[in-house]
Amino acid sequence: MDENQVFPVDNEDDDVVVTLSLDDGSEVTCEILTIFDIGDQDYIVLLPLDENGEENAEGQVYIYRYFEDETGAPSLDNIESDEEYDAVAKKFDELYGEALDEE
């Protein structure tokens, strides 16, 4: 994947959604906004949906490390350092912010 390439998930009929199980035991349904990489690491950006399946009013997103395990199943991992998170958030804003502004 090219470092400056972004892969918005664009399916007009059905949005691609995933359900996350959070540390507190709750679950949240999210729309996949995009998957992009920085260097050799892929990242995924998820938009939490409200109880009606609509985008959240705050525009809050979740960003995780993204990878596929040895069987090809998608997996997420938390970003542990503030420096890594700041770099990923900045890259997301640079790459995807323009697309959000156009909507």
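Everything that follows concerns the structure shown earlier in this document.
To start, this report covers the structure provided alongside it.

Analysis parameters
Residues numbered from 1 in each chain as written. Predicted model: local features only at pLDDT ≥ 70, side-chain atom pairs only at ≥ 80, totals over all residues. Heavy atoms only, no water. Core = buried A, V, L, I, M, F, W, Y, C linked by side-chain atoms within 4.5 Å. Buried < 20%, exposed > 50% of the residue type's maximum accessible area, 1.4 Å probe, protein only. Helix = DSSP H or I, 4+ residues; strand = E, 2+ residues; numbered from the N terminus. Contact = heavy atoms within 4.5 Å. Salt bridge = Lys/Arg side-chain N within 4 Å of Asp/Glu carboxyl O. Patch = residues over 30% accessible without salt bridge, like charges linked within 9 Å, V, L, I, M, F, W, Y side chains within 5 Å. Areas by Shrake-Rupley, 256 points an atom, 1.4 Å probe, with all protein chains shown as cover. Lys, Arg positive; Asp, Glu negative; His and termini not counted. Charge placed at Lys NZ, Arg CZ, Asp CG, Glu CD. Pairing = 2+ DSSP bridges. Phe/Tyr/Trp six-rings, centres within 6.5 Å; stacked < 30°, edge-to-face > 60°.

**Description of the nonpolar core**
Then step 1. Leu 33, Phe 36, Tyr 43, Val 45, Leu 47, Ile 63, Ile 79, Val 88, Phe 92, Leu 95 and Tyr 96 together form the largest nonpolar core, which totals 11 residues.
Then step 2. Put simply, the parts of the chain that give this core at least two residues each are β3 (27–38), β4 (41–48) and α1 (82–102).
Then step 3. For this core, the element with the most residues is α1, which contributes 4 residues.

**A few points about the side chain of Ser 75**
Then step 1. Relative to the elements of secondary structure, Ser 75 occurs in strand β6 (residues 74–77).
Then step 2. For Ser 75, a relative accessible area of 19% gives the class buried.
Then step 3. In contact with Ser 75, not counting residues within four places along its chain, are Arg 65, Tyr 66, Phe 67 and Asp 69.

**A closer look at the pattern of salt bridges**
Then step 1. Here the structure, examined in full by the defined rule, presents 1 salt bridge.
Then step 2. Its salt-bridge partner being Glu 84, residue Arg 65 comes within 2.9 Å of it at the nearest N-O pair. In this pair, Arg 65 sits in strand β5 (residues 62–68) while Glu 84 sits in helix α1, placing the two residues 19 residues apart along the sequence.
Then step 3. Take Arg 65: its relative accessible area is 27%, and that puts it in the partly exposed class.
Then step 4. Judged by its relative accessible area of 16%, Glu 84 falls in the buried class.

**Things to note about a negative patch on the surface**
Then step 1. The grouping of Asp 50, Glu 51, Glu 54 and Glu 55 at the surface amounts to a negative patch.
Then step 2. If you trace the backbone, Glu 51 turns up in the loop between β4 and β5.

**A short note on the pairing of β5**
Then step 1. The pairing of β4 with β5 spans 5 bridges and is classified as antiparallel. Its bridge partner lying in β5, Asp 42 is registered against Tyr 66.
Then step 2. One ladder, built from 4 bridges, connects β5 with β6; its direction is antiparallel. Across the sheet, the residue bridging to Arg 65 is Asp 77, located in β6.
Then step 3. What sits between the antiparallel neighbours β5 and β6 is a turn of 5 residues, in which Gly 72 has the positive phi angle 90 degrees.

**Structural notes on the packing of aromatic side chains**
Then step 1. Counted under the stated rule, the structure contains 2 aromatic pairs.
Then step 2. Between Phe 36 and Tyr 43 the ring centres are 6.1 Å apart and the planes differ by 35 degrees, which places this aromatic pair in the tilted class.
Then step 3. Each ring, one from Phe 36 and one from Phe 92, has its centre 6.5 Å from the other, and the planes form 25 degrees; the classification is stacked. Pair noted here: Phe 36 is in strand β3 and Phe 92 is in helix α1, with a separation of 56 residues, a long-range link.
Then step 4. According to the relative accessible area criterion, Phe 36 is buried, its value standing at 0%.
Then step 5. The class of Phe 92 is buried, set by a relative accessible area of 6%.

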